[in-house]
Amino acid sequence: MLYYKLTIDDKIDLYRLKLDMNIQHLEVEIEQSMPKNIPKDQLYYLYNFLSEYLQKTRNLRILDLRKVEGLTNAHFDMWGLYEIYYPNSVKYVYIQNAKTLRFVSAKGAEEITIIDSPYVETIEYGSFLKSIHLSNIGITEFTLPHGCKLKNIAVSWKESRGCFGNCRNLKKVDISNADEVPLNTFAGCTNLKHIDIP
């Protein structure tokens, strides 16, 4: 697997930077000598650069952004990606129609929405989570971490599909920390065996 580490420093010119289209594992980091509060315009250029790269390449399988603290927007084209790692500064994760994605790490996220991405089997999240909507994905278990007080189990705009709607591989759920659970939360979860609710 072709690995590349992209280090962002004050000398890099993201307008002129060209990355190999055959990279399969891309790790992005901020140079340690850079100030902790990276200018927003530099993060904006980085986001645009990554968005364009992901639209052009069809070979990237792993995108690791954990060392890009300060990045808040990370809505990318997921075509071809197997794994994505978000920095803790990304508070809202929205993924739709990711046909190859299998793994999502969003430990700092407060809101996670992943829909119509049937191969997503693993989601890493932390105790910051306040709102969740997972529909038609491949997870088999979901457990809220200790200390997490989920405020919102989202209901899809498609009324027949709730937070875990059509997650046909889902077998075990523990959402005992949730404030409330809407009626159609588990619509279409045909293999669900065990539920812990408030």
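Scroll up to find the structure this text is about.
Residues numbered from 1 in each chain as written. Predicted model: local features only at pLDDT ≥ 70, side-chain atom pairs only at ≥ 80, totals over all residues. Heavy atoms only, no water.

Visitor: Would you mind showing me how to read the nonpolar core here?
Guide: Across soluble globular proteins, nonpolar side chains have a tendency to be buried as a group. In this structure, L26, Y86, I112, L134, F142 and F164 are the most contacted members of the largest nonpolar core, which totals 58 residues. The element that contributes the greatest number of residues to this core is helix α1 (residues 40-56), accounting for seven residues. With residues near it in sequence (within four places) discarded, L134 still touches I112, I114, I123, I139, F142, G162, C163, F164, G165 and C167. (Core = buried A, V, L, I, M, F, W, Y, C linked by side-chain atoms within 4.5 Å. Buried < 20%, exposed > 50% of the residue type's maximum accessible area, 1.4 Å probe, protein only. Helix = DSSP H or I, 4+ residues; strand = E, 2+ residues; numbered from the N terminus. Contact = heavy atoms within 4.5 Å.)

Visitor: How should the pairing of strand β7 (residues 111-117) be read in this particular structure?
Guide: Each regular strand shows side chains that alternate between the opposite faces of the sheet. Of all the seven residues making up β7, six are buried; the element is thus mostly covered by neighbouring parts of the structure. Pairing of strand β5 (residues 92-96) with β7 involves five bridges; the strand directions are parallel. Looking at β7, one finds that Q96 is bridged to I115. Sheet topology note: the β7/strand β9 (residues 131-137) ladder contains six bridges and is parallel. (Pairing = 2+ DSSP bridges.)

Visitor: Explain a nonpolar patch on the surface to me, please; I cannot follow it from the model alone.
Guide: Taken together, the side chains of Y15, Y44 and Y45 present a nonpolar region at the surface, about 390 Å² in accessible area. Note that Y44 resides in helix α1. (Patch = residues over 30% accessible without salt bridge, like charges linked within 9 Å, V, L, I, M, F, W, Y side chains within 5 Å. Areas by Shrake-Rupley, 256 points an atom, 1.4 Å probe, with all protein chains shown as cover. Salt bridge = Lys/Arg side-chain N within 4 Å of Asp/Glu carboxyl O.)

Visitor: Explanation requested: the layout of surface pockets in the structure shown.
Guide: Empty space among the atoms can be located by rolling a probe the size of a water molecule over them. Space inside the largest pocket adds up to approximately 290 Å³. Taken together, 13 residues make up the lining of the largest pocket; nearest its centre are L14, Y15, L17, F49 and E52. Here the residues of the lining of the largest pocket are counted per class, giving nine nonpolar, one polar and three charged. (1 Å grid on protein atoms, 1.4 Å probe; cavity = no way out; pocket = protein on both sides within 12 Å on 5 of 7 lines; lining within 4 Å. Points joined across faces, edges and corners; volume = space filled by probe spheres on them. Nonpolar A, V, L, I, M, F, W, Y, C, P; charged D, E, K, R; others polar.)

Visitor: Would you mind showing me how to read the sheet that holds strand β12 (residues 172-174) here?
Guide: Strands pair in a sheet through their backbones, by hydrogen bonds, and they do so in one of two ways: parallel or antiparallel. Read from one edge to the other, the open sheet built from three strands follows the order β10-β12-β13, with strand pairing classed as parallel. Each of the sheet's edge strands pairs with one partner strand only, and the pair in question is β10 (141-143) and β13 (194-196). Within this sheet the neighbouring strands show an average axis-to-axis angle of 5°, counted without direction. (Axes fitted to C-alpha atoms, helices over the stretch in contact; angles between N-to-C directions.)

Visitor: Would you take a moment to explain the side chain of S105 for this structure?
Guide: By secondary structure assignment, the location of S105 is in strand β6 (residues 103-106). Here the side chain of S105 touches E124 through a polar contact of 2.8 Å, side chain to side chain. Excluding residues within four positions of it along the chain, S105 makes contact with I84, Y85, Y86 and E124. (Polar contact = N/O pair within 3.5 Å; in protein donor to acceptor, adjacent residues only side chain to side chain.)

Visitor: How should the sheet that holds β6 be read in this particular structure?
Guide: Taken in spatial order, the six strands make up an open sheet running β1-β2-β3-β4-β6-β8, and their pairing is parallel. The strands lining the two open edges of the sheet, one partner per strand, are β1 (3-8) and β8 (122-125). Each strand axis lies, on average, 10° off the axis of its neighbour in the sheet, ignoring direction. In terms of strand pairing, strand β4 (residues 83-85) meets β6 through three bridges, oriented parallel. Following the sheet pairing, Y85 is matched in β6 by S105. Here α1 sits on the sheet and contacts β1, β2 (25-30) and β3 (62-67); the angle it forms with β2, its principal contact strand, is near 175°.

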